[in-house]
Amino acid sequence: MVRPRAQKASQLLREAGCRTVVCKNAAQGMGTSLAAGVRAAGDADGWVIALADMPFIRGRDHTPHCRGAGRGCGDRGPACGGERGHPVGFARRFRDDLLALTGDEGAREILQAHPDWITLYETGDHGVLRDVDVPGDLAS
């Protein structure tokens, strides 16, 4: 999912083998973008939500878990030191909840409403907790 006028990001993602979808209403917030992404892949068995502002995640460590969630095997997410992180996979049973997201609130409320439905796996990857909001966040 990319914002309108994000041609460079779209190009880089396509070159990496990703399918991109433009969210015309991305300025309304993360929830709106997530719902648009689920809508664009509505026939999927599940979805993996990976945030673009978390560049320190070691993807290879999470690939098996994300694949399982993406095939509808359950709702999964990493934890580091007991704190839930990203990416998070949602099985198809959450389709309607994800489609109902609006505004700037992401899927956190869905996770909070169903804490027993998500399987956390402990990882030593501190990148699952580290997002980049300002340039200074890139410093180690």
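What you see is a predicted model, and the numbers here were worked out from it, not measured in a lab.

1. Side note on unusual backbone geometry
Then, in step 1: Put simply, H86 and P87 share a cis peptide bond, and its omega is 5°.
Then, in step 2: Mapping P87 onto the fold places it in the loop between β3 (83-84) and β4 (88-91).
Then, in step 3: Located in the positive-phi region is R5, a residue other than glycine, with phi close to 65°.
Then, in step 4: Judged by relative accessible area, which is 73%, R5 ranks as exposed.

2. A closer look at the pairing of strand β2 (residues 75-80)
Then, in step 1: Counting buried positions along β2 gives five out of six residues, so the element sits mostly inside the fold.
Then, in step 2: When β2 meets strand β5 (residues 118-122), the two strands line up parallel, connected through five bridges. Across the sheet, A79 pairs through a bridge with E122, a residue of β5.
Then, in step 3: Pairing between β2 and β3: two bridges, direction antiparallel.

3. Observations regarding the confidence of the model for the protein chain
Then, in step 1: On average, the protein chain scores 86 in pLDDT, and the residues at 70 or more come to 89%.
Then, in step 2: Mean pLDDT across the elements of the protein chain bottoms out in helix α3 (residues 59-70) (66) and peaks in helix α4 (residues 95-99) (94).

4. Some thoughts on the packing of aromatic side chains
Then, in step 1: For the structure shown, the criterion picks out two aromatic pairs.
Then, in step 2: Ring geometry for F90 versus F94: centroids 5.7 Å apart, planes at 85°, classification edge-to-face.
Then, in step 3: In this structure F90 comes out as buried when scored by relative accessible area, which is 1%.
Then, in step 4: Judged by its relative accessible area of 3%, F94 falls in the buried class.
Then, in step 5: In textbook terms, an aromatic cluster arises when at least three aromatic residues are bridged by ring pairs, as seen for F90, F94 and W117.
Then, in step 6: R130 extends its terminal NZ or CZ atom over the ring of F56, reaching a point 3.7 Å from the ring centre.

5. Digging into the side chain of D125
Then, in step 1: Structurally, the position occupied by D125 is in the segment after β5.
Then, in step 2: Of the polar contacts made by the side chain of D125, one reaches the backbone nitrogen of R58; its length is 2.8 Å.

Cut-offs applied
- Residues numbered from 1 in each chain as written.
- Predicted model: local features only at pLDDT ≥ 70, side-chain atom pairs only at ≥ 80, totals over all residues.
- Heavy atoms only, no water.
- Helix = DSSP H or I, 4+ residues; strand = E, 2+ residues; numbered from the N terminus.
- Buried < 20%, exposed > 50% of the residue type's maximum accessible area, 1.4 Å probe, protein only.
- Pairing = 2+ DSSP bridges.
- pLDDT = per-residue confidence, 0-100.
- Phe/Tyr/Trp six-rings, centres within 6.5 Å; stacked < 30°, edge-to-face > 60°.
- Lys NZ or Arg CZ within 6 Å of the ring centre and 35° of its normal.
- Polar contact = N/O pair within 3.5 Å; in protein donor to acceptor, adjacent residues only side chain to side chain.

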